[in-house]
Amino acid sequence: MFNKKSQHMINIGRMIFGILFLYLLIIIIIYLKSNHLAFYRVTSGAISKNETYTALAMRSEQVVNATTEGYVNYFLNDNSKIAKNGTVCKISNTKNVLQNKTLNSSDLADLHCIASRYSQSFDGNDFNSVYDFKYSLDEVMLNISDSTKISGMICTADYDGIIAYSCDGYEYLTPEQLTEEHFRTKFYKKQHLRMNEQISEGDPIYRLIKSETWSIVIPVTDKQTASLASNEKIQVKFLKDGKSEIGQLDLFVVGNQRYVRITFTSGMIRYCNERFLDVELVKKTKYGLKIPIFSIVTKEFYTVPISLKTFSEKDGKVGFLQEIRDKDGKISTSFIETTLYVEDVRDGNTEIVSYVDKNTFHDGDVLIQPHSNTRFTIGATATLNGVYCINKGYAVFRKISIIDQNKEYCIIESGTPWGISQYDYIVFYGSNIKEKDILY
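All figures in this text were calculated on a predicted structure; none of them were measured in a lab.

Caption draft 1: Focus on the pattern of salt bridges. What the rule picks out here adds up to 16 salt bridges. Between arginine 207 and glutamate 61 there is a salt bridge, with the nearest N and O atoms lying 2.8 Å from each other. Here the residue arginine 207 occupies a position in strand E12 (residues 204-220), and glutamate 61 occupies one in strand E3 (residues 52-65), the gap between them amounting to 146 residues. With a relative accessible area of 2%, arginine 207 lands in the buried category. Judged by its relative accessible area of 4%, glutamate 61 is buried.

Okay, structure coming up:
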């Protein structure tokens, strides 16, 4: 008897478990098959449709060579400013060897700063940057040693300027000498000079940049030349760090190749160790409300001549007079309140029309112009672009006027009648829902 009762209880437990499992399985299937609604908060923003280029940097610079052999012991950091006759380094018979030493907090902070900058600007396609990072670390370590106690021949700067410890053979290149080979970055090589190794007479020891005025040169096509010809100045965005400079624009030709040269009076020190720079010429930047392309939907409207528009005598609301026929064929009129989404001049027609929601009327409905016998039969249609606004918990169509767009976002006008405003919430994927769907 006990066994039968136990068996009965076990079967009931299994049945309840099976029902719960089936219920959960159905819920999961419904969830997976349903459209997951994503919202987007409208904000002000900008998009750019500008071309990017690889530019060659040109500066007023010279390479300083050693006048004797020995070991170079530097006194200045890379990219340091120096006055005329200022001491750059010493060349001596003594090698500057860094003894074992505990790094203090200042030394560690310098190393952390260099590592942080390298991490933020790392580009896997730019292998030279790895060497730049290594030599920057070496520079900090070399500065820890007291190279001022080393005797030797002092090297001073002939001009005011910026000290750099690299060279590449482009230092004396002029725009008139440019060829296609100069822009082949695949074969570009840069020599790092601050390595604390023994040098021979005539070897380069540092590079001196003598002016803050510098320029970039870009090879351009005929089409690009035409688009730039009307610009005297142009904004350039440097993709390495996102900073921008405004420069003087100059177009010139060498052989069969056209070039654009953009000259700046600031910002040189940020890129004084860079010969090639990825840049964006900022010509077309549009500002407005920024929304995703996927949010845009197209809705069809009836088009009605604006001359038929009238106002309610009770409350002054906008609408139209619709002709009504009863069963006996008697004709009367009824005021139909409606929303006029936009007023427009149709192509090939000087008559101004209004866009009316198709849910307001039906094909074949007749409208009558106030104080006139003019009649109009509903039927003509046109479309508007818009988005679904969900501020009230259900989807409401709001028209938009697109200023500009790229592959992901578009910029639209703000303040348009029956449009959207900043901080409104819209449906991210507009095609996933229908108008007046209740969302929450």
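Caption draft 2: Expanded view of unusual backbone geometry. In this model, tyrosine 423 sits at a positive phi of 80 degrees, which is unusual for a non-glycine residue. Residue classification places tyrosine 423 among the partly exposed positions, given a relative accessible area of 46%. The phi angle at lysine 436 is positive, at roughly 75 degrees, despite the residue not being glycine. With respect to the secondary-structure elements, lysine 436 resides in the segment after strand E30 (425-427).

Caption draft 3: The side chain of aspartate 357, seen in detail. Here aspartate 357 lies in strand E23 (residues 352-357). There is a polar contact of 2.8 Å between the side chain of aspartate 357 and the side chain of lysine 299. A polar contact of 2.9 Å, which involves the side chain of aspartate 357, links it to the backbone nitrogen of asparagine 359. Non-local contacts of aspartate 357, meaning those with residues more than four positions away in its chain, are made with Lys299, Phe301, Tyr302, Thr339, Tyr341 and Glu435.

Caption draft 4: How the structure looks around a nonpolar patch on the surface. Judged by side-chain polarity, Phe17, Phe21, Leu22, Leu25, Ile26, Ile29 and Ile30 come together as a nonpolar surface patch covering roughly 700 Å² of accessible area. A relative accessible area of 38% places leucine 25 in the partly exposed class.

Caption draft 5: Main features of the sheet that holds strand E29 (residues 409-412). In spatial order, the strands read E2-E17-E29-E28; together these four strands make up an open sheet with antiparallel pairing. Two strands lie at the open edges of the sheet, namely strand E2 (43-48) and strand E28 (402-405), each paired on one side alone. The average angle at which neighbouring strand axes cross in this sheet is 50 degrees, direction not considered. When E28 meets E29, the two strands line up antiparallel, connected through three bridges. For aspartate 404, the partnering residue across the bridge sits in E29 and is isoleucine 411.

Caption draft 6: Spatial organisation of the confidence of the model for the protein. Overall, the predicted model of the protein reaches an average pLDDT of 84, with 85% of residues at or above 70. Confidence scores differ between elements of the protein, with helix H3 (residues 128-144) showing the lowest mean pLDDT of 62 and strand E15 (residues 257-264) the highest of 96.

Caption draft 7: Quick look at the sheet that holds strand E6 (residues 87-92). Read from one edge to the other, the open sheet built from four strands follows the order E7-E6-E4-E11, with strand pairing classed as antiparallel. Single-partner strands in this sheet number two, and they are strand E7 (153-156) and strand E11 (198-199). One ladder, built from four bridges, connects strand E4 (residues 70-74) with E6; its direction is antiparallel. If you follow tyrosine 74 over to E6, its bridge partner there is cysteine 89.

Caption draft 8: View of the packing of aromatic side chains. A complete count under the given rule lists 21 aromatic pairs for this structure. Among the aromatic residues, those joined into a cluster by ring pairs are Phe301, Tyr341, Tyr355, Phe397 and Trp418. The side chain of lysine 210 reaches across the aromatic face of tyrosine 159, ending 4.9 Å from its centre. Just above the ring of phenylalanine 252 sits the side chain of arginine 261; from NZ or CZ to the centre is 5.4 Å.

Caption draft 9: Quick peek at the pairing of E4. Most of E4 sits out of view: five of its five residues are buried. Looking at chain direction, E4 and E11 are connected through two bridges and run antiparallel. Note on E11: the bridge partner recorded for tyrosine 71 is glutamine 198.

Caption draft 10: Focus on the state of the cysteines. The full count for this structure, using the stated rule, is zero disulfides. In this model cysteine 89 remains outside any disulfide bridge; the closest cysteine sulfur is found in cysteine 155, 3.8 Å from its own.

What counts and what doesn't
- Residues numbered from 1 in each chain as written.
- Predicted model: local features only at pLDDT ≥ 70, side-chain atom pairs only at ≥ 80, totals over all residues.
- Heavy atoms only, no water.
- Salt bridge = Lys/Arg side-chain N within 4 Å of Asp/Glu carboxyl O.
- Helix = DSSP H or I, 4+ residues; strand = E, 2+ residues; numbered from the N terminus.
- Buried < 20%, exposed > 50% of the residue type's maximum accessible area, 1.4 Å probe, protein only.
- Polar contact = N/O pair within 3.5 Å; in protein donor to acceptor, adjacent residues only side chain to side chain.
- Contact = heavy atoms within 4.5 Å.
- Patch = residues over 30% accessible without salt bridge, like charges linked within 9 Å, V, L, I, M, F, W, Y side chains within 5 Å.
- Areas by Shrake-Rupley, 256 points an atom, 1.4 Å probe, with all protein chains shown as cover.
- Pairing = 2+ DSSP bridges.
- Axes fitted to C-alpha atoms, helices over the stretch in contact; angles between N-to-C directions.
- pLDDT = per-residue confidence, 0-100.
- Phe/Tyr/Trp six-rings, centres within 6.5 Å; stacked < 30°, edge-to-face > 60°.
- Lys NZ or Arg CZ within 6 Å of the ring centre and 35° of its normal.
- Disulfide = S-S within 2.5 Å.

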